[in-house]
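What follows is the residue order along each chain.
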Amino acid sequence: MSEECILNLIPRPAPEPVVRYTGYKSQHRARVRQEVRDAKTGCWKTMGHAVEPPKFPKCYLKKDEGFKLCPPDIKPTCRNNKLPPLPRTPPLMIRSSTNHIARNAALNVLAHPCPSFIRRGIVDDNKGHLQIVEGSNLEKRYVCKPGYGQVPRYILKRYHKQHEAQEEENRYFREMRQHGTDRELTPEERQALLNGLKENWDRLNREYICGLKLETSNVQERHKIRLENELDELKRYIQMIEKHETIFVPRY
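In this section: the overall build of the protein. The number of helices and strands found in the protein is five helices and four strands. Relative to its full complement of 252 residues, the protein shows a buried share of 7%. For the protein, the share of sequence-separated contacts (at least 6 apart) that also reach a separation of at least 24 residues comes to 52%. Entry remark: accessible area of the protein is about 26,000 Å², with carbon and sulfur atoms responsible for 58%.

Structure below.
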C-alpha cells in the first residue's frame, strides 16, 4: 500500500490502453477468406455431370457390359498389304573343312610363352619367412648390367659434337692463315697480353675496394658503377684468352 499523500486526492485521467503489435494484417483479409469459403462448396462442379449415371446395386451387369479388355496384338502390315522380307540367315548343317584340333595345337605350339609371375624368394629362418630377392640387394643387378662400365651415350654424343666444333675452328684458322688476312699471336705475346689484363684488373679491384670504405655520394656511386663494369669486361677478356690457345689479330 502506498503512503497517504494529499496529492492522491487530485483526480487523474485514466491511462491510455497499451496497443501491442500483433503482426501485419492485410486489408484484403476478409475478402480472401470469403473467396476460399465459396470455392470449397463448388470446386468439383467444373467438369460437368457424368455422361451416364451410375446404376443401382440391384442391377447386375450383363454380357459385354463390364470393363473392356485391351485389343489383341495387330500384325504389322505395309500399305500394299505385304509383310516385310525376313532377314537372311546362314544355312545350317554345313560342315567346314578346317581341322580345328590341329589348328589349335599349331597355335599353342607357336605361341609365345606366358610371362612368369612367380617371384623368386629366399627362406631365411626355420619358420618359413620368405624374403623376395627382387629389390632386397641380395643379388648383383647393377654391376651385371650389359652396359656397366661403359661410357654413357649422351657423353659420347657431346664429346663428338665438341670434337667436330674444334675441327671446324681449326679448319677456319688454317684457311685464315693461308689467306694472310690475320696474324696469329705468338705464345709470348699472348702471355704478355694476359698478364697486362690481369694487372689492370688488380689495379681496378684495389681502387674499387678502397672506395667502399668511404662515405658514398652521387659522384662516388657513379664511379663505383663504372669500376664494376670495367672489372666485368676485363674478366670476360681474361676468360676468353685463357680458353683459346690460338688467337688471331688483324694486320694493320
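This is not the end of the story, as more comes after the structure.
What follows is about the nonpolar core. Formed by Leu185, Leu194, Leu197, Leu204, Tyr208, Leu227, Leu231, Leu234, Ile238, Ile241 and Ile247, the largest nonpolar core amounts to 11 residues. Every element with two or more residues in this core is listed here: α4 (187-212) and α5 (218-243). When residues of this core are assigned to their parent elements, the largest contribution, five residues, is made by α5. Discounting residues that sit within four places of it in the chain, leucine 185 has contacts with Leu193, Ile247 and Val249.

Moving on, we get to unusual backbone geometry. In this structure, asparagine 137 takes a positive phi of about 60 degrees despite not being glycine. Along the chain, asparagine 137 falls in the loop between β2 (130-132) and α3 (153-179). The class for asparagine 137 is exposed, based on a relative accessible area of 74%.

Conventions used here
- Residues numbered from 1 in each chain as written.
- Predicted model: local features only at pLDDT ≥ 70, side-chain atom pairs only at ≥ 80, totals over all residues.
- Heavy atoms only, no water.
- Helix = DSSP H or I, 4+ residues; strand = E, 2+ residues; numbered from the N terminus.
- Buried < 20%, exposed > 50% of the residue type's maximum accessible area, 1.4 Å probe, protein only.
- Contact = heavy atoms within 4.5 Å.
- Areas by Shrake-Rupley, 256 points an atom, 1.4 Å probe, with all protein chains shown as cover.
- Core = buried A, V, L, I, M, F, W, Y, C linked by side-chain atoms within 4.5 Å.

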